[in-house]
Amino acid sequence: MSSQEEILSDGRFSRVARDPRFWEMPEKERKVKIDKRFRAMFHDKKFKLKYTVDKRGRPVNYTSTEDLRKFYALSESDSDLSGSDSKEQTEKKKKQKKAKPKGEAES
């Protein structure tokens, strides 16, 4: 068998090394980013199937949530933004509550 370098140096196959269609997908981009609204699918019982046998009939201890974790990831940017937004909203509410008693005392 030929080594990988010999194959790529061959003129017939040199195009494969330069063509982006044949490049490996980066590890970061393999998983689909899931919004925080759908994070329940990782722990909800509605999305969980327990397999007792594989497609060839061999016994296995396997659940569909493992597949979900393999193909989907929670988006970090959405969770960071939503976390900061919720903190800002709670701070605004606290400020409004503190401001109201002063206004009520004046009336």
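As shown above, the structure is provided for reference.
All of the points below concern the structure found in this document. (Residues numbered from 1 in each chain as written. Predicted model: local features only at pLDDT ≥ 70, side-chain atom pairs only at ≥ 80, totals over all residues. Heavy atoms only, no water.)

Structural notes on the side chain of Ser75
Next, step 1: Along the polypeptide, Ser75 turns up in the loop between strand E4 (72-74) and helix H5 (76-106).
Next, step 2: Excluding residues that lie within four positions of it along the chain, Ser75 makes contacts with Lys33, Ile34 and Asp35. (Helix = DSSP H or I, 4+ residues; strand = E, 2+ residues; numbered from the N terminus. Contact = heavy atoms within 4.5 Å.)

Points about the pattern of salt bridges
Next, step 1: Taken as a whole, this structure holds six salt bridges when the rule is applied.
Next, step 2: Across the pair Asp10 and Arg12 runs a salt bridge whose closest N-O atoms are separated by 2.7 Å.
Next, step 3: Note on Arg12: relative accessible area 64%, which makes it exposed.
Next, step 4: One salt bridge connects Asp35 with Arg37, and the closest N-O pair in it is separated by 3.1 Å. (Salt bridge = Lys/Arg side-chain N within 4 Å of Asp/Glu carboxyl O. Buried < 20%, exposed > 50% of the residue type's maximum accessible area, 1.4 Å probe, protein only.)

The analysis is restricted to geometry; functional conclusions fall outside its scope.
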